Amino acid sequence: PMTEKVLAWAQECIGMEIMVNGKMCGKDIAKTRAPQGTGITTLEQFLTSAAIATKSSVPRSLEPPSRNFKVVFLRHGESVWNVANIFTGWADVDLSPAGEQEAVEAGKCLKEHGFKFDVVFTSVLRRSIKTAWTALMHSDNYSMPIINSWRLNERHYGALQGLNKAETAAKHGDAQVKIWRRS
């Protein structure tokens, strides 16, 4: 159900209806790069339209895809405030060097597994945007819209934001901090 909500929200953000009841048959499908937008619904139609003569000449990545679409969730890399053990929330802090390397490794992993993306959504926070850009670059994904929305920002910690986690726990107790963080 959460994936359906994310996809519905994403379509609303871009002002298009692409997916309907889990199928790529929305009224705006022709505006995408999806083969369904041109009326192609089978592998054979795709091979014919692409002038690919035989299945043996089809690269592995073009073999019939599963009927399921994939949604990939990638958490931002380690931030400089993660390193300093500070409640981050909506503070717009940068990635640490380790976080930058995590994004590179995520991209390599995505490339190794053959992921190609039609659209990317990220929060408006630089650590998330830089993680997305870096992972996309290292997975050879260059041509897709990237949509930034505050709705994807992580939890806002209110008065805790900017405080050291250990000092806050020492002052107020671990149990109280846990209640604040989970509420």
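Refer to the structure above for everything that follows.
If you're wondering where the values come from, they're calculated on a predicted model, not measured in any experiment.

Trainee: Can you explain the overall build of the protein chain? Please cite residues and give values.
Mentor: Counting secondary structure elements, the protein chain contains seven helices and four strands. Counted from the first residue to the last, the protein chain has its helices and strands arranged as α-β-β-α-α-α-β-α-β-α-α. Expressed as a percentage of its 183 residues, the buried residues of the protein chain come to 31%. A sequence separation of at least 24 residues applies to 66% of the contacts in the protein chain between residues at least 6 apart.

Trainee: A description of the packing of helix α6 (residues 165–172) against helix α7 (residues 174–182) should follow, citing residues and the corresponding values.
Mentor: Where α6 meets α7, the closest approach of the two axes is 7 Å, and the angle between their N-to-C directions is 120°. Classified by the angle their axes make, α6 and α7 are oblique. In this structure, α6 contributes Lys165, Thr168, Ala169 and His172 to the contact, and α7 contributes Asp174, Gln176, Val177, Trp180 and Arg181. Residue composition of the contact of α6 with α7, grouped by class: three nonpolar, three polar and three charged.

Trainee: Account for unusual backbone geometry, with residues named and values stated.
Mentor: A positive phi angle, near 60°, is found at asparagine 85, a position not held by glycine. Mapped onto the elements of the fold, asparagine 85 is located in the loop between α3 (80–83) and α4 (97–112). Overall, asparagine 85 belongs to the partly exposed group, its relative accessible area being 31%. Its identity is not glycine, yet aspartate 140 carries a phi of approximately 60°, on the positive side. Mapped onto the elements of the fold, aspartate 140 is located in the loop between α5 (126–138) and β4 (146–148). Looking at aspartate 140, the relative accessible area reads 32%, which means it is partly exposed.

Trainee: Give me the lowdown on the side chain of threonine 122, citing residues and values where you can.
Mentor: Relative to the elements of secondary structure, threonine 122 occurs in strand β3 (residues 120–122). Apart from the residues lying within four places of it in its own chain, the contact partners of threonine 122 are Ser128, Ile129, Ile146, Ile147, Asn148, Ser149 and Leu152.

Trainee: Any chance you could break down the packing of aromatic side chains for me, citing the residues and the numbers?
Mentor: Applying the stated criterion to the full structure yields four aromatic pairs. Here the aromatic rings of phenylalanine 115 and phenylalanine 117 are separated by 6.1 Å at their centres, their planes lie at 10°, and the arrangement is stacked. Look at phenylalanine 115 and you get partly exposed, because its relative accessible area is 23%. Positioned above the aromatic ring of phenylalanine 87, the side-chain terminus of lysine 165 is 5.8 Å from the ring centre.

Trainee: Talk me through the pattern of salt bridges; I want residue IDs and the actual numbers.
Mentor: Taken as a whole and assessed by the stated rule, the structure comprises six salt bridges. With a shortest N-O distance of 2.9 Å, lysine 111 and aspartate 140 are connected by a salt bridge. Note that lysine 111 is positioned in helix α4 and aspartate 140 in the loop between α5 and β4, a separation of 29 residues in sequence. The residue glutamate 154 makes a salt bridge to arginine 127 at a minimum N-O spacing of 3.2 Å.

Trainee: Describe α4, listing the residues and the values that go with them.
Mentor: The terminal C-alpha atoms of α4 lie 23 Å apart, and with 16 residues this matches the ideal 22 Å at 1.5 Å per residue to within 8%. Buried within α4 we find Gly99, Ala103, Val104, Ala106, Gly107 and Leu110. Buried residues of α4, viewed axially, fall in a sector of 160°; they line one side. Exposed positions of α4 whose direction lies more than 90 degrees from the buried face are Pro97 and Glu112. Packed against the buried residues of α4 are α5. With its phi angle positive at about 75°, glycine 114 sits one or two positions after the end of α4.

Reading the values: rules and limits
- Residues numbered from 1 in each chain as written.
- Predicted model: local features only at pLDDT ≥ 70, side-chain atom pairs only at ≥ 80, totals over all residues.
- Heavy atoms only, no water.
- Helix = DSSP H or I, 4+ residues; strand = E, 2+ residues; numbered from the N terminus.
- Buried < 20%, exposed > 50% of the residue type's maximum accessible area, 1.4 Å probe, protein only.
- Contact = heavy atoms within 4.5 Å.
- Axes fitted to C-alpha atoms, helices over the stretch in contact; angles between N-to-C directions.
- Parallel < 35°, antiparallel > 145°, perpendicular 65-115°, else oblique.
- Nonpolar A, V, L, I, M, F, W, Y, C, P; charged D, E, K, R; others polar.
- Phe/Tyr/Trp six-rings, centres within 6.5 Å; stacked < 30°, edge-to-face > 60°.
- Lys NZ or Arg CZ within 6 Å of the ring centre and 35° of its normal.
- Salt bridge = Lys/Arg side-chain N within 4 Å of Asp/Glu carboxyl O.
- Expected span 1.5 Å × (residues − 1).
- Arc of directions from axis to C-beta.

By themselves, these observations are geometric and do not establish any function.
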